Amino acid sequence: MATILFNSVGKAGTLAIWALIIITLWMSGMDFLIAGSRQTKTPLHAVVFLGVMAILLGLLSFAGPLAISAVFTMIIACQYICFTTSIIARWVGGQKFVPGPFNLGFLSAPVSFIASAYMIFIILVFMFPAIPGPTSLSMNYTVVVVGGTVILSLGYYFFPKYGGRHWFIGPVETIGQVLTHEGEKDSSGSSSKPSSRSQLAVVTFKPT
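Bear in mind the structure is a predicted one, so any value in this text is a computation, not a measurement.

## Notes on the UniProt feature "transmembrane region" (unreviewed entry) in the protein chain
For step 1, the next point in the chain: When the UniProt feature table is mapped onto this chain numbering, "transmembrane region" (unreviewed entry) sits at residues 15-34, 46-64, 70-92, 104-128 and 140-159.
For step 2, the next point in the chain: Each end of residues 46-64 is marked by a C-alpha atom, and these two atoms are 29 Å apart; helix forms 74% of the span and strand 0%.
For step 3, the next point in the chain: With 80% helix and 0% strand, residues 140-159 has end C-alpha atoms that lie 30 Å from one another.

## What to know about helix α3 (residues 65-92)
Along an α-helix, residues three or four positions apart point the same way, because every turn accommodates 3.6 residues.
For step 1, the next point in the chain: The end-to-end C-alpha distance of α3, which contains 28 residues, comes to 40 Å, matching closely the 40 Å that a straight helix rising 1.5 Å per residue would cover.
For step 2, the next point in the chain: In this structure, the buried side of α3 is in contact with α2 (44-59), α4 (108-127) and α5 (142-157).
For step 3, the next point in the chain: Positive backbone phi, at 80°, marks Gly 94, one or two positions downstream of α3.

## Regarding the environment of Leu 66
For step 1, the next point in the chain: Relative to the assigned elements, Leu 66 resides in helix α3.
For step 2, the next point in the chain: Leu 66 sits 75 residues away from Tyr 141 along the chain, and the two C-alpha atoms are 7.5 Å apart.
For step 3, the next point in the chain: With sequence-adjacent residues up to four places away left out, Leu 66 is seen in contact with Ser 136, Leu 137, Met 139 and Tyr 141.

## Section: a nonpolar patch on the surface
For step 1, the next point in the chain: Taken together, the side chains of Leu 44, Val 48, Phe 49, Leu 50, Val 52, Met 53, Ile 55, Leu 56, Leu 59 and Phe 62 present a nonpolar region at the surface, about 1,000 Å² in accessible area.
For step 2, the next point in the chain: Assignment of secondary structure puts Val 48 in helix α2.
For step 3, the next point in the chain: Taking relative accessible area as the criterion, Val 48 reaches 45% and is therefore assigned partly exposed.

## Notes on the side chain of Asn 140
For step 1, the next point in the chain: Mapped onto the elements of the fold, Asn 140 is located in the loop between α4 and α5.
For step 2, the next point in the chain: Exposure remark for Asn 140: the relative accessible area of 13% places this residue in the buried category.
For step 3, the next point in the chain: Of note is the side chain of Asn 140, whose polar atom sits 2.6 Å from the backbone oxygen of Phe 126.
For step 4, the next point in the chain: At 2.7 Å, the side chain of Asn 140 and the side chain of Thr 142 are in polar contact.

## Regarding the confidence of the model for the protein chain
For step 1, the next point in the chain: For the protein chain, mean pLDDT is 75; residues scoring 70 or higher make up 78% of the total.
For step 2, the next point in the chain: When mean pLDDT is taken per element in the protein chain, α4 scores highest with 90 and strand β2 (residues 199-204) scores lowest with 42.
For step 3, the next point in the chain: Considering only residues more than four positions removed or in separate chains, one finds that residues 178-187, a stretch of pLDDT under 50, has 24 contacts.
For step 4, the next point in the chain: Within the model, pLDDT remains below 50 along residues 191-208, and this stretch shows 34 contacts once partners closer than five positions in the same chain are excluded.

## Some words on the nonpolar core
For step 1, the next point in the chain: Grouped together as the largest cluster of nonpolar side chains are ten residues: Ile 68, Val 71, Met 74, Ala 77, Tyr 80, Met 119, Ile 122, Ile 123, Met 127 and Val 146.
For step 2, the next point in the chain: Sorting the residues of this core by element identifies α3 and α4 as the ones contributing at least two each.
For step 3, the next point in the chain: At five residues, α3 tops the list of elements feeding residues into this core.

## Topic: the state of the cysteines
For step 1, the next point in the chain: Under the criterion given, the structure shown has zero disulfides.
For step 2, the next point in the chain: Free cysteine Cys 82: the closest other cysteine sulfur is in Cys 78, separated by 6.7 Å.

## Regarding the packing of α3 against α4
For step 1, the next point in the chain: The contact between α3 and α4 brings their axes to 9 Å, and the two run at 150°. In terms of their interaxial angle, α3 and α4 are classed as roughly antiparallel. Crossing of α3 against α4: the hand is left-handed. Counted together, Thr 73, Ile 76, Ala 77, Tyr 80, Ile 81, Phe 83, Thr 84, Ile 87, Ile 88 and Trp 91 of α3 and Ser 108, Ala 109, Ser 112, Ala 115, Ser 116, Tyr 118, Met 119, Ile 120, Ile 122, Ile 123, Phe 126 and Met 127 of α4 form the full contact between these two elements.
For step 2, the next point in the chain: Tallied by class, the residues present in the contact of α3 with α4 amount to 17 nonpolar, five polar and no charged.

## Details of the layout of surface pockets
For step 1, the next point in the chain: As a volume, the largest pocket reaches approximately 1,000 Å³.
For step 2, the next point in the chain: Taken together, 23 residues make up the lining of the largest pocket; nearest its centre are Leu 25, Trp 26, Ala 54, Ile 55 and Gly 58.
For step 3, the next point in the chain: Elements represented by at least two residues in the lining of the largest pocket include exactly α1 (2-40), α2 and α3.
For step 4, the next point in the chain: No other element matches the nine residues that α1 contributes to the lining of the largest pocket.
For step 5, the next point in the chain: Here the lining of the largest pocket is built from residues that sort into 18 nonpolar, five polar and no charged.

Rules used in this analysis
- Residues numbered from 1 in each chain as written.
- Predicted model: local features only at pLDDT ≥ 70, side-chain atom pairs only at ≥ 80, totals over all residues.
- Heavy atoms only, no water.
- UniProt positions renumbered as here; feature names shortened; annotations may be inferred.
- Helix = DSSP H or I, 4+ residues; strand = E, 2+ residues; numbered from the N terminus.
- Expected span 1.5 Å × (residues − 1).
- Contact = heavy atoms within 4.5 Å.
- Patch = residues over 30% accessible without salt bridge, like charges linked within 9 Å, V, L, I, M, F, W, Y side chains within 5 Å.
- Areas by Shrake-Rupley, 256 points an atom, 1.4 Å probe, with all protein chains shown as cover.
- Salt bridge = Lys/Arg side-chain N within 4 Å of Asp/Glu carboxyl O.
- Buried < 20%, exposed > 50% of the residue type's maximum accessible area, 1.4 Å probe, protein only.
- Polar contact = N/O pair within 3.5 Å; in protein donor to acceptor, adjacent residues only side chain to side chain.
- pLDDT = per-residue confidence, 0-100.
- Core = buried A, V, L, I, M, F, W, Y, C linked by side-chain atoms within 4.5 Å.
- Disulfide = S-S within 2.5 Å.
- Axes fitted to C-alpha atoms, helices over the stretch in contact; angles between N-to-C directions.
- Parallel < 35°, antiparallel > 145°, perpendicular 65-115°, else oblique.
- Left-handed = near helix turned anticlockwise from the far one by under 90°.
- Nonpolar A, V, L, I, M, F, W, Y, C, P; charged D, E, K, R; others polar.
- 1 Å grid on protein atoms, 1.4 Å probe; cavity = no way out; pocket = protein on both sides within 12 Å on 5 of 7 lines; lining within 4 Å.
- Points joined across faces, edges and corners; volume = space filled by probe spheres on them.

So this is what it looks like as structure tokens:
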């Protein structure tokens with residue numbers, strides 16, 4: 001992109017436009033970070049940690065095109081791995097699945113199969129180098145980064161005695177929502193007050 005700008009508007013124009021791009025990206029990143037932390041009430045230490053990690057990943061762009069290209073392709077590959085895992089778990093997880101208000105009905109199975117097959121294919125494509133017979137300078141190191149992350153994660157989860165499988169019990173529902181309409185009874189059994197609008201009551205449950 002910088003090369004295109006340089007050939008089009010020269011050095012001064014490229015620096016001016018690039019400065020605006022940097023400022024815009026910085027402000028948008030800060031906006032997302034602050035808004036997300038306020039809405040989810042994320043602890044300050046976690047927000048700072050994520051910000052520092054994002055900065056460190058961004059610094060890889062100065063290490064050369066190989067390092068930053070591995071990061072970019074890793075992002076796509078890891079996203080597809082997460083999506084594929086959740087879709088496959090819906091069918092082979094062994095637990096009862098309750099469809100939400102919007103679902104594909106009888107098309108859920110074929111759509112899930114097509115989506116999973118496509119994403120698995122794309123993941124494999126991103127692991128291969130761009131040209132045959134790669135050298136150390138043209139090698140695609142995404143497979144090293146993603147593979148290393150997967151191996152470390154599995155090792156941590158299945159680690160004897162202290163691994164995640166010995167203490168992780170999955171997500172626990174802590175907040176439920178009860179929507180009461182005019183003339184209906186709420187969760188306590190009492191009739192709701194007449195109102196022209198629906199009332200939303202939030203009930204908190206303590207995990208057992």
